[in-house]
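Read off the chains here:
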Amino acid sequence: PKLDPARFNITDDRRFARDLLHATRILVVPGSGFDYPDSNHFRLVMLPQAHELREAMGRMAKFLETYRQA
């Protein structure tokens, strides 16, 4: 997925992944971990059951409501 840089001002995707993990216990891989050229992408695994993914995406959405990098 890609996060809107104008909305979230994410300049450090590794920091975003770390902040997300600490706040929500959701682990993603920053796009830079796959040599992606910008800091607005991340990777996630789709292996959990559908209800677990829905719950995790709800937690991520709540996190993103207030998350901004300075």
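Before any of the text, the structure's been laid out above.
The structure contained in this document is the topic of the report that follows. (Residues numbered from 1 in each chain as written. Predicted model: local features only at pLDDT ≥ 70, side-chain atom pairs only at ≥ 80, totals over all residues. Heavy atoms only, no water.)

1. Some points on the pattern of salt bridges
For step 1, the next point in the chain: The full count for this structure, using the stated rule, is two salt bridges.
For step 2, the next point in the chain: A salt bridge links arginine 15 to aspartate 19, with the nearest nitrogen and oxygen atoms 3.6 Å apart. With arginine 15 and aspartate 19 both in helix H2 (residues 13-24) and four residues apart, this pair spans about one turn of that helix.
For step 3, the next point in the chain: When its relative accessible area of 23% is taken as the criterion, aspartate 19 is described as partly exposed.
For step 4, the next point in the chain: A salt bridge links glutamate 55 to arginine 59; the shortest N-O distance between them is 2.5 Å. Placement of both glutamate 55 and arginine 59 in helix H3 (residues 50-66) is noted, with a separation of four residues, approximately one turn of the helix. (Salt bridge = Lys/Arg side-chain N within 4 Å of Asp/Glu carboxyl O. Helix = DSSP H or I, 4+ residues; strand = E, 2+ residues; numbered from the N terminus. Buried < 20%, exposed > 50% of the residue type's maximum accessible area, 1.4 Å probe, protein only.)

2. Digging into the packing of aromatic side chains
Two numbers describe a pair of aromatic rings. These are the distance of the centres and the angle of the planes.
For step 1, the next point in the chain: Inspection of every chain in the model, using the stated rule, returns four aromatic pairs.
For step 2, the next point in the chain: Pairing phenylalanine 16 with phenylalanine 42 gives two aromatic rings, centres 5.8 Å apart and planes at 45°, and the pair type is tilted. In this pair, phenylalanine 16 sits in helix H2 while phenylalanine 42 sits in strand E2 (residues 42-43), placing the two residues 26 residues apart along the sequence. In this structure, phenylalanine 16 and phenylalanine 42 share a single accessibility class: buried.
For step 3, the next point in the chain: A network of ring pairs unites the aromatic residues Phe16, Phe42, Phe63 and Tyr67 as a single cluster. (Phe/Tyr/Trp six-rings, centres within 6.5 Å; stacked < 30°, edge-to-face > 60°.)

3. Quick word on the nonpolar core
For step 1, the next point in the chain: Formed by 14 residues in total, the largest nonpolar core has its most connected members in Leu3, Phe16, Leu20, Val28, Met60 and Leu64.
For step 2, the next point in the chain: Among the secondary structure elements, those contributing two or more residues to this core are H2 and H3.
For step 3, the next point in the chain: The biggest single contributor to this core is H3, with four residues.
For step 4, the next point in the chain: Residues in contact with phenylalanine 16, not counting those within four places in the same chain, are Leu3, Ile10, Val28, Phe42, Phe63, Leu64, Tyr67 and Gln69. (Core = buried A, V, L, I, M, F, W, Y, C linked by side-chain atoms within 4.5 Å. Contact = heavy atoms within 4.5 Å.)

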